[in-house]
Amino acid sequence: MRAESETPQSDNPFTIPVASRLRRLPPYLFGKINKLKYEKRVAGVDVIDLGMGNPTDPPDPQVVEKLVEATKDSRNHRYSVSNGIANLRREVAIRYKKRHGVTLDHNSEVIACIGSKEGFSHLCLALMGPGDTAIVPAPSFPIHVYAVVLASANVIALDVRDPSEYLRNIAYTCEHLYPRPKVVVANFPHNPSTTTVESDFFVELVRLAKKYEFLVISDFAYADIGFDGYQPPSFLSTPGALDVGVEFTTMSKAYSMAGWRIGFCSGNSEMVRALATIKGYYDYGIFQPIQIAAIVAMRQCDDFIVDLSAEYQRRRDVLCDGLERLGWELERPKAGMFVWAKIPEPWNEMGSIEFSMKLLDEAGVAVSPGRGFGEEGEGFLRLAIVENEQRLRQAVREIGRCLRREPVVTP
Ligand SMILES: Cc1ncc(COP(=O)(O)O)c(C=O)c1O
């Protein structure tokens, strides 16, 4: 596994003496498919790209306008502060109160990051080192594994698709591993499996964290994309959560600001301080106009995120209806930006990487092979609902044609 990437990356071993932490990274399983996608694009093929959770919708226009306005102010071109300007952190705290009933001190319990991925990675570096262990969800969003490996710590990946079993296995691991795991990662709505939880999951997680003395990192990237009335619960809204953990949120998904690179880490003040310390050495903060525009987004764009969530729900239905007509087995996700689908027979025998290559080559549809998210993902595909409804219908038609089974009813 390696971070999803649009450009082909080489699998060749380094010829220079790179650090051992680079050599410990797991093999790159998206390589072949990324290379083929790149070649198709270069050859002028109109690839329908459901591979990455990279939103194609633009942000709310008022956010872009604020960015332009703030960029014209010459005072905003200096280095900013690495933990984020105070008004931005205050806005995050206000939003947590409004959405999840959580009270946060924006000075000690909130920090801005260059996207939640950067924050997550540096927090792992701040908390873990050789000999430490983190439990992460499997199948795994790649950075949940890489960040721990890059911190020279060990990974135990536990299947997350049955959340009660995930909790039982966390407890079992804590009982039997010495030294005990130091960190447990939660990620609901989960990428890639789309697993969701209710708030009682976090009550039990906090109980276990206190009993076994581990720290919790909740990755809440899909906080605001829920379907059919489902609102993903925040880990931080659980009593006692602030004693044991933090939660990452992001402007990338619900606000469609992925390229802006802005996210937040909120919660336990000591963990926030650990992240602030390491970031203080590594960076000078996010371009200030981006921070100012993000304040506007959080203050004024509630309707935008409601509408976008409804749009993702329609796309989910178009894709799931279409794939079901092709005879695919899948669970309709309750949240997030992905559909996690079982590879139908007889194609499942090919393995997810080869099958994804076939869909890309013969149908012009790029998807992520489940194997790219670890062994637990084999037999599945992850399809990002980032293209519009018409393109998703086209994707289903092309997949049906490529598998020589046309949909029973053409939408
Ligand atoms: C679960 C999860 N966490 C984190 C991220 C990265 O978010 P950001 O853009 O804030 O770095 C993603 C993006 O795909 C994600 O799916």
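One can find the structure itself at the top, above this paragraph.
Procedures and definitions
Residues numbered from 1 in each chain as written. Predicted model: local features only at pLDDT ≥ 70, side-chain atom pairs only at ≥ 80, totals over all residues. Heavy atoms only, no water. Core = buried A, V, L, I, M, F, W, Y, C linked by side-chain atoms within 4.5 Å. Buried < 20%, exposed > 50% of the residue type's maximum accessible area, 1.4 Å probe, protein only. Helix = DSSP H or I, 4+ residues; strand = E, 2+ residues; numbered from the N terminus. Domains from an automatic or database assignment. Contact = heavy atoms within 4.5 Å. Pairing = 2+ DSSP bridges. Axes fitted to C-alpha atoms, helices over the stretch in contact; angles between N-to-C directions. Polar contact = N/O pair within 3.5 Å; in protein donor to acceptor, adjacent residues only side chain to side chain.

Asks: Describe the nonpolar core, listing the residues and the values that go with them.
Replies: Residues Ile170, Leu205, Phe214, Ile262 and Trp328 are the most contacted members of the largest nonpolar core, which totals 92 residues. Here the element with the most residues in this core is helix α12 (residues 302–325); it accounts for eight residues. Each of domain 1 (20–58 + 303–402) and domain 2 (61–300) accounts for three or more of the residues forming this core. Sequence-distant contacts of tryptophan 328, that is, excluding residues within four places in its chain, are made with Leu323, Ala341, Lys342, Pro344, Phe355, Leu359, Leu381, Ile399 and Leu403.

Asks: Provide a residue-level description of the sheet that holds strand β9 (residues 338–342), including the pertinent values.
Replies: Working definition: the strands of a sheet are paired by backbone hydrogen bonds and lie parallel or antiparallel to each other. Reading across from one edge, β9-β12-β11 is the order of the three strands in this open sheet, with antiparallel pairing throughout. Lying at the two open borders of the sheet, with one neighbouring strand each, are β9 and β11 (368–369). When β11 meets strand β12 (residues 380–384), the two strands line up antiparallel, connected through two bridges. Its bridge partner lying in β12, proline 369 is registered against leucine 381. Contacting β11 and β12, helix α13 (residues 352–363) crosses the sheet at an angle of about 45° to β12.

Asks: Pulling in residues and values, what's your account of the side chain of glutamate 387?
Replies: You can see glutamate 387 is positioned in the loop between β12 and α14 (389–402). The buried category is assigned to glutamate 387, whose relative accessible area is 12%. A distance of 3.1 Å separates a polar atom in the side chain of glutamate 387 from a polar atom in the side chain of arginine 391.

No statement about biological role is implied by the geometric values presented.
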